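# Examining the three-dimensional arrangement
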Amino acid sequence: MKTMKKEYIKLFAWIFTFGSVSAASAQTTNVTSADSAKINKTKPATVDYGLRTEQLWKSTGAVYTLKGEELTHMVTGNLLNTLQGRIPGLTVVTGSGEPGYDNPTLYVRGQSSWNIAGNQVIIYLDGFQVDMSAIASLSPYEIESVTLLKDAAATAIYGLQGGAGVLSIRTKKGANLPRTQITVNGRYGILSAVQLPTAMNAYDYTRLYNQALQNDGLPIKYTNPDLYKASNDPFHPNVNWYDEVLKKNSTIQDYNFSFRGGNDMAKYFVAMNYTDFEGLYKNANAIDKDFGTNARYNKINLRANVELQLSKSLSVEANITGITEDKNTPAGFTATSLFNGLLNIPAAAFPVKNPNGTWGNSSVYNFNPVEYLQQFGVYNSHTRNLQTNFGFVEKLDAITPGLAFNGSLSFSNQYIGTYQKLFSVPSYEIVKDANDQPTKDANGNIVYKTIGAVGQAIVDGGNVHWNRNSVKLGFDYNRSFGKSTFTGMLLAQRQGYSHDGLVYQVRTQGLSGNVTYDYSQKYIVNLSGAYNGSADYAPGHRYGFFPSVGLGWIASKEDFLKDNTAINFLKVRASYGTTGNINEAFRFLNEQYAVGANGYIVGTANSYKNGMTEGAFANLNSSWEKKTTLNIGVDLTLWKNLQATVDVFTEKRTGILEIPSANVPAFTGFNLQYANTGEVKNKGFEASLNYNNNVGSFQYNLGGSAAFARNKVIQQSENAQPYAYLYNTGYRLGQMKGLVFKGYYQQSDFDANGNLKAGVPSSSYANVKPGDLKFADQDGNGIINDYDKVPLGYAKLPEITLGFNLGFKYMGFDFAAYGEGVLHRTVSLLDDAYIYTHPFVNNNNITPFSANAWTPATANTATAPRLSTQSNANNDQQSDFWLRNGNFFKLRSVELGYTLPRVGFLKKLDAVRVFANGTNLIIWDKIDNLEAERLSMGYPLMKVVAFGLKVKL
């Protein structure tokens, strides 16, 4: 392990030195400071399509580009979280707030397959595919642009990998500058939890627990709940576990240094970034740093992008990136188990420490969060990322003008090693008598029950790795003939992908091509496609053709609009085409395997031997999912200041893999294989509107965006059902389904013997009592069962995402704010907040959710079922009682900055800017006591107030 670390240090040092030397050799001298921000040559606006570029005015695809500068307004530990709500059509579902593990989930235009869920979008970094984990650790200061490719005209060149959308990220490159531009950025942020769940105090817990026991017909446990009102009685504790374990605030800081410049012969961008993200755990290393640690994430980014013009016709470039990540967390538990414990352990369960100074505990919970935090060891994770890209372009104008030959290769990988120091020490439970008082021995000493023992261990190893390699060769063409212009590309590409647990490398290869024709810069035809394949399928079924056509009409150049003062630019575009999706979870379906089965006993020693049986039949015709998309869009500029883009789309995904629902008798000895029989339709729109203007020296901008995507299952293999609403077919993917809540069973629903009266629907799930949930009998058979579960609300993934932004610049001040809202989203407290909503069952705690539980006195006003210490399957059925409106609005970022005037010694600097910003500061939702985005479960989401400085030299 130490040797490996040293080798990485040497490698990253070489990378940084290489970039610095290249930068130094490329820069020019004897220039003034005022010239440092000027670029000698400008290029027409282009759109990044990942594998190709296109001039903006002739683009026919549904794409959206976000400048890298926009990402710097949020302070997060994960780059992908800065994309939340900023790109129409991209839904970023937030992950945990835990440092280093705050991984979001990405969807493009919602979801159109039950096999293609989140994080299936293909991500390209500087023209090569990488894993999402490599993108998450990038610094926003090294990003030039982020472009989302959404329709077939944009993604057809990716063939069987483009069906879930493509996210292309470009890092900054060098520029032709009079002298090297040095930029220094620093930010220091103070974090606090957006919202933590709350639990009742010890007194309320004990008295309500007694009430639950009485409801169950059992004797009470706590003879005097008033004893638990004290705050310092270890025999009757009242512990706020959140306060014991968590600080109010933590910190995040990052610092970035970059060098940018070049001339006609060489251009360079070199950058280094350091990030330190600290967790919320309190006094974690109070005993010793070897026994406990706060959650912490440290990261160093190094980048060197170099472009060299070796001759008039030959240019080469090299992009080298190295990232080291070190994550520390307490050993012995995960953040999920810790926060479940903080919510689950009652304040009355046991003290943090006993009167004799030992750790408190309970045999029921067997988990003292403070003890585990401070004394059960340290878990370290060491991640090393490396990406190297090399490419060349040779102009072939000598053969024919506008033709160029290019090639490139890439290797990227990630390795994660782990190191754990594990300890354990005993804890002690205070033994109590029937009167809830501590038991004492003959000498008057308190009797303790020992839980656990002393132990220690060291675990060192590597458990995660992946690597990708890619090679590309192709031709580009760009030439005009009078009013006609042809641009195009033909690219051959081969990729290999390996990771831990993968026996056979995932390999794809094929050709991608594009031809764009425009006439008089008014009429545009784009033909794109790919012929590529995967080794995951049977011979003869490995390759497919994925074509698309895009049409564009720049109406603003027609005579009837040419001199229009209101409409400055108007382009109408349409695209139609096909892409595909391979899925690593469904490989080699064309082969049949033997699988494990029940074994047999042989010999006089009765030795057991494992059995084998035939696996599912081979599907020789298995293939990828196919998506056909029609997209119609409009790009518009009005009065020179108002830009608008609207896209309307409809998608049809076919060939979704599923196992046929036909029942196979067990005596046949075989199982059916996955088949490409599923079908889903998806439709929606995206729109963005931005207005920029100035009044004198006051510059301002405001804008908004909206994205809507709704899917519908058209065909899915399902068992026969008596009612149409029981099928998935015809409804949304992830559609919430459940029983319809009709109030609570009341005492009047039962006779004197406790049996339900005639005409009152009974439950097939449990014997109900007064105070249990009552549901609608949809089929009228007098029994509540699964046939009464109907579609309810929406899916958890929102159908609508809204974005709002505004900003201004005036007299050195600048301001920017961005907010995100999501609509048409339903969440389930039963699924995502079970501990919070189910008191006493499985020894759960009790929270404000159950403060107004059903009793005979509250029968008409109750908001929660009767309290019980016993599980109740009737109350645990999915129903609209548990569903909540999951819509929310968050002020994702707000920033106020001031650029100091260049006077005095500041004249020697290009710019000095100070700023303050906030992340996730304001939240609106409709769920009581919980935040809607993650329902406050697990490590909390964080809001940040940060202060920073930017200096340009």
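Everything quoted here is computed from the prediction, not taken from an experiment.

Thresholds applied
Residues numbered from 1 in each chain as written. Predicted model: local features only at pLDDT ≥ 70, side-chain atom pairs only at ≥ 80, totals over all residues. Heavy atoms only, no water. Helix = DSSP H or I, 4+ residues; strand = E, 2+ residues; numbered from the N terminus. Rg over C-alpha atoms; globule rule 2.2 N^0.38 Å. Buried < 20%, exposed > 50% of the residue type's maximum accessible area, 1.4 Å probe, protein only. Contact = heavy atoms within 4.5 Å. Areas by Shrake-Rupley, 256 points an atom, 1.4 Å probe, with all protein chains shown as cover. Lys, Arg positive; Asp, Glu negative; His and termini not counted. Charge placed at Lys NZ, Arg CZ, Asp CG, Glu CD. Pairing = 2+ DSSP bridges. Axes fitted to C-alpha atoms, helices over the stretch in contact; angles between N-to-C directions. Phe/Tyr/Trp six-rings, centres within 6.5 Å; stacked < 30°, edge-to-face > 60°. Lys NZ or Arg CZ within 6 Å of the ring centre and 35° of its normal. Salt bridge = Lys/Arg side-chain N within 4 Å of Asp/Glu carboxyl O. pLDDT = per-residue confidence, 0-100. Polar contact = N/O pair within 3.5 Å; in protein donor to acceptor, adjacent residues only side chain to side chain. Patch = residues over 30% accessible without salt bridge, like charges linked within 9 Å, V, L, I, M, F, W, Y side chains within 5 Å. Expected span 1.5 Å × (residues − 1).

## What to know about the overall build of the protein
A count of helical and extended segments in the protein gives 10 helices and 44 strands. Relative to its length of 953 residues, the protein is compact, with a C-alpha radius of gyration of 32 Å against a globular reference of 30 Å. Within the span of the protein, comprising 953 residues, buried residues form 53% of the whole. Sequence separation of at least 24 residues holds for 71% of the intrachain contacts in the protein that already meet a minimum separation of 6. For the protein, the exposed area adds up to about 41700 Å²; of that, 56% sits on carbon and sulfur atoms. Across the protein, 85 positive and 75 negative side-chain charges occur, with their mean positions spaced 7 Å apart.

## Points about the sheet that holds strand E6 (residues 122-125)
Ordered in space as E3-E8-E9-E6-E7, the 5 strands form an open sheet in which the pairing is mixed. If you trace the sheet from one side to the other, it starts and ends with strand E3 (63-67) and strand E7 (128-130), each paired once. The mean inter-strand angle of the sheet, taken between neighbouring strand axes irrespective of direction, is 25°. Of the strand pairs in this sheet, E6 and E7 are connected by 3 bridges, and their pairing is antiparallel.

## Here we look at helix H6 (residues 335-344)
The element H6 is extensively covered by neighbouring structure, given that 7 of its 10 residues are classed as buried. Listing the buried residues of H6 in full gives Ala 335, Leu 338, Phe 339, Gly 341, Leu 342, Leu 343 and Asn 344. Check the buried side of H6 and you find it contacts helix H5 (241-245), helix H7 (369-375) and helix H10 (834-837).

## Considerations on the pairing of strand E9 (residues 166-171)
Of all 6 residues in E9, 6 are buried, a share of seventy percent or more. Every second residue of E9 is oriented toward a common face, with Val 166, Ser 168 and Arg 170 on one face and Leu 167, Ile 169 and Thr 171 on the other, all of them buried. In terms of strand pairing, strand E8 (residues 143-149) meets E9 through 6 bridges, oriented antiparallel. If you follow Val 146 over to E9, its bridge partner there is Ile 169.

## Thoughts on unusual backbone geometry
Of note in this structure, Asn 606 is not a glycine but carries a positive phi near 55°. A positive phi angle is found at His 824, which is not glycine, with a value near 55°. You can see His 824 is positioned in the loop between strand E38 (813-823) and strand E39 (826-828). Given a relative accessible area of 22%, His 824 falls into the partly exposed group.

## A word on the packing of aromatic side chains
Following the criterion strictly, the structure yields 43 aromatic pairs and no others. Centroid distance Phe 849 to Phe 881: 6.5 Å. Interplanar angle 80°. Geometry classified as edge-to-face. Taken together, the positions of Phe 849 in the loop between H10 and strand E40 (883-885) and Phe 881 in the loop between H10 and E40 put the pair 32 residues apart, joining distant regions of the chain. Members of the aromatic cluster, connected to one another through ring pairs, are Tyr 691, Phe 698, Tyr 700, Phe 808, Tyr 810 and Phe 815. Between Arg 86 and the ring centre of Tyr 818, over which it is positioned, the NZ or CZ distance is 4.5 Å.

## Description of the pattern of salt bridges
A complete count under the given rule lists 42 salt bridges for this structure. Two residues, Arg 170 and Asp 48, come together in a salt bridge whose shortest N-O distance is 3.2 Å. A residue pair is termed long-range when its members are at least 10 positions apart, and Arg 170 in strand E9 and Asp 48 in strand E1 (residues 46-48) qualify at 122 residues. Like Asp 48, Arg 170 is buried. Here Asp 910 ties to Arg 179 by a salt bridge, and the two come within 3.7 Å at their closest N and O atoms. Pair noted here: Asp 910 is in the loop between strand E41 (888-899) and strand E42 (911-919) and Arg 179 is in the loop between E9 and strand E10 (181-193), with a separation of 731 residues, a long-range link. Both residues of the pair, Asp 910 and Arg 179, count as buried. Linked through salt bridges whose partners overlap, the residues forming this network are Lys 247, Asp 276, Glu 278 and Arg 296.

## As for the confidence of the model for the protein
Averaged over the protein, the pLDDT score is 91; the fraction of residues at 70 or greater is 95%. Mean pLDDT in the protein bottoms out at helix H1 (residues 2-26), which sits at 39, and peaks at strand E34 (residues 773-775), which reaches 97. Low pLDDT (under 50) marks residues 1-42, which in the prediction has 70 contacts with non-local residues, meaning those over four places away or in another chain.

## Focus: the pairing of strand E16 (residues 403-424)
Two elements, strand E15 (residues 377-395) and E16, share 19 bridges in a ladder whose sense is antiparallel. By the bridge assignment for E16, Phe 392 is matched with Gly 407. Here 22 bridges tie E16 to strand E19 (residues 455-481), and the two strands are oriented antiparallel to one another. The residue of E19 that forms the bridge with Phe 411 is Asn 469.

## Some points on the side chain of Asp 131
Tracing the backbone shows Asp 131 in the loop between E7 and helix H2 (132-136). Here the side chain of Asp 131 touches Arg 468 through a polar contact of 2.8 Å, side chain to side chain. Ignoring any residue separated from it by four or fewer positions in sequence, one finds Asp 131 in contact with Trp 466, Arg 468 and Tyr 497.

## Remarks on the environment of Asp 436
Summarising the element assignment, Asp 436 is placed in the loop between strand E17 (427-430) and strand E18 (448-451). Linking Asp 436 and Ala 594, residues 158 residues apart in sequence, is a C-alpha distance of 59 Å. Among all residues touching Asp 436, those that are not within four sequence positions of it are Tyr 222, Thr 223, Tyr 228 and His 236. Here the side chain of Asp 436 touches Tyr 228 through a polar contact of 2.7 Å, side chain to side chain.

## Comments concerning a nonpolar patch on the surface
A cluster of nonpolar side chains, contributed by Tyr 188, Ile 190, Tyr 255, Phe 257, Met 272, Tyr 274, Ile 300, Leu 921, Ile 922, Trp 924, Val 945 and Phe 947, occupies part of the molecular surface with about 1000 Å² of accessible area. Listing elements by their share of the nonpolar patch, those giving two or more residues are E10, strand E11 (250-262), strand E12 (266-278) and strand E44 (942-952). Mapped onto the elements of the fold, Tyr 188 is located in strand E10.

## As for the environment of Leu 83
Within the secondary structure, Leu 83 sits in the loop between E3 and strand E4 (90-93). On the basis of relative accessibility, which here comes to 3%, the residue Leu 83 falls in the buried class. For the pair Leu 83 and Ile 714, spaced 631 residues apart in the sequence, the C-alpha separation amounts to 32 Å.

## Here we look at the environment of Pro 901
Examined against the element boundaries, Pro 901 turns out to sit in the loop between E41 and E42. Judged by its relative accessible area of 43%, Pro 901 is partly exposed. Taking C-alpha positions, Pro 901 is 9.4 Å from Arg 913, a pair spaced 12 residues apart along the chain.

## Section: helix H4 (residues 202-215)
The terminal C-alpha atoms of H4 lie 20 Å apart, and with 14 residues this matches the ideal 20 Å at 1.5 Å per residue to within 8%. Those residues of H4 not exposed but buried are Ala 202, Asp 204, Tyr 205, Thr 206, Leu 208, Tyr 209, Asn 210, Ala 212 and Leu 213. With a side-chain oxygen lying 3.3 Å from the backbone nitrogen of Tyr 203, the N-terminal cap of H4 falls on Asn 201. Phi turns positive, to about 75°, at Gly 217, one or two residues after H4.

## A few points about the side chain of Asn 361
Assignment of secondary structure puts Asn 361 in the loop between H6 and H7. A polar contact is formed between the side chain of Asn 361 and the side chain of Ser 427, at a distance of 2.8 Å. In this structure Asn 361 touches Phe 350, Asn 366, Phe 367, Asn 368, Glu 371, Ser 427, Tyr 428, Glu 429 and Ile 451, once residues within four positions along its chain are discounted.

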